[in-house]
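# Commentary on secondary and tertiary structure
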Amino acid sequence: MAANIIDGKAFAATVREKVAGHVTRLKEEHDITPGLAVVLVGEDPASQVYVRSKGKQTVEVGMNSFEHKLDAETSEADLLALIDKLNNDPTVHGILVQLPLPKHLDEDLVINSIAPEKDVDGFHISNVGLLGTGQKSMVPCTPLGCLMMLRDYHGSLSGMDAVVIGRSNIVGKPMAQLLLGDSCTVTIAHSRTKDLPEVVRRADIVVAAVGRPEMVPGDWIKEGATVIDVGINRIERDGKNKLVGDVDFASCAERAGAITPVPGGVGPMTIACLLANTVTACCRANNLAEPEGLTA
Ligand code: NDP
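What you are looking at is a predicted structure, and each value in this text was computed from that prediction instead of being measured. (Residues numbered from 1 in each chain as written. Predicted model: local features only at pLDDT ≥ 70, side-chain atom pairs only at ≥ 80, totals over all residues. Heavy atoms only, no water.)

### Quick look at the domain arrangement of the protein
Rule in force here: For the purposes of this description, domain bounds are those given by an automatic or database domain assignment.
Annotation of the protein at the domain level lists domain 1 (31–117) and domain 2 (141–268). Look at where the C-alpha atoms of domain 1 and domain 2 centre, and you get two points 29 Å apart.

Dropping the structure here:
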């Protein structure tokens, strides 16, 4: 069986279109332009690429983009002062501090200093708690993107067996909460899980968020299962640099019913969901109806 390919790139384009439509409505009907502030500390090359891409896409959907680039030696006090300023700026509806931060900065302290209603990454402890208790929150972008693709492909996820491989705060744990919220029976696997192949073979939905290139082979996948590959791994093959996921695409695609490719699957959805979260945050800040289909 050849799996259906879930085209994250195309799906992300439809999400951005929806976001752009809401931005136009907010401008025309309410004279409000949603704004996203991105803070980058230091010169990590991968982070610079992400921040550039976020800024570009923010502007493309009609929102204001505020970029704050601070040098690597910035003190914690100065960073917290900037976040405080952004928290109190009514033109800023979303704040994102690009991770990882330089070692001398306390990531938890910094993230938890962002106003929860502007925390468009969904990492603030209040948002983690709200998601865990099934309340309205800002939802982390990568798992939100995975959920949107799963809902789009399946309609209802109710009663499905889902296995999430990985238990990070950024992907694995919030992904599991979202799937539970959609009434899946959820197993979270990690590096200490016993007999991982057998655990994965039970799953109707497999979300792989491990960070190990092509770790999941096709014979772990139940016939017809849906495979969401979050992994982004840079490897060298045949003398060329290549991006691969956490699942072995070729063998998994032979058994799965549907699968996301890498690149072109989960990756593009992450920034699209950041834009979606910003427009949602803007609507909430102004007591306006939230856009449908852009939140969990
Ligand atoms: P982390 O390193 O924070 O977490 C990895 C998880 O995988 C841990 O829970 C770890 O278990 C588990 N793990 C490691 N080895 C094994 C193993 N052999 N068997 C089972 N579980 C294992 O990574 P992230 O969650 O931040 O990211 C995961 C992947 O997703 C990475 O490739 C990353 O680049 C990618 N990513 C992609 C994004 C996108 O936009 N598409 C966004 C964010 C991440 P334990 O807890 O026991 O150590």
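### Let's talk about the sheet that holds strand β5 (residues 161–165)
The cut-off we apply is this: Pairing between strands is defined by DSSP: at least two bridges between them are needed. Elements are defined by DSSP. Helices are runs of H or I of four residues or more, strands are runs of E of two residues or more, and each kind is numbered from the N terminus. Any two residues whose heavy atoms approach within 4.5 Å are treated as being in contact. Angles run from 0 to 180 degrees between N-to-C directions of axes, and those axes are lines fitted to C-alpha atoms, restricted for helices to the stretch in contact.
With parallel pairing, the six strands of this open sheet are ordered in space as β1-β11-β8-β7-β5-β6. On the outer flanks of this sheet lie β1 (4–5) and β6 (185–189), each paired with one strand and no other. Direction of pairing for β5 relative to β6: parallel, over a ladder of five bridges. Paired with Ala162 across the two strands is Val186, which belongs to β6. Docked against the sheet, helix α6 (residues 141–154) engages β1, β7 (205–208), β8 (226–229) and β11 (258–259), running at close to 160° with respect to β8.

### Re the UniProt feature "domain: Tetrahydrofolate dehydrogenase/cyclohydrolase catalytic" (unreviewed entry) in the protein
As a reminder, the rule being used: UniProt positions are given in the numbering used here, feature names are shortened, and annotations may be inferred rather than shown by experiment.
Mapped onto this numbering, the UniProt entry annotates "domain: Tetrahydrofolate dehydrogenase/cyclohydrolase catalytic" (unreviewed entry) at residues 6–121. Secondary structure across residues 6–121 comprises 48% helix and 16% strand; the distance between its end C-alpha atoms is 24 Å.

### Looking at the packing of α6 against helix α7 (residues 172–181)
What counts is decided by this rule: Each crossing gets its handedness from the near helix: less than a right angle anticlockwise from the far helix is left-handed, clockwise is right-handed. Gly falls in the polar group here, along with every residue not listed as nonpolar (Ala, Val, Leu, Ile, Met, Phe, Trp, Tyr, Cys, Pro) or charged (Asp, Glu, Lys, Arg).
The geometry of α6 relative to α7 is characterised by a closest axis approach of 9 Å and an angle of 35° between their N-to-C directions. Both α6 and α7 take part in a crossing whose hand is right-handed. Across the interface between the two elements, Pro143, Leu144, Cys146, Leu147 and Leu150 of α6 pack against Pro174, Met175, Leu178 and Leu179 of α7. Class assignment of the residues belonging to the contact of α6 with α7 gives a composition of nine nonpolar, no polar and no charged.

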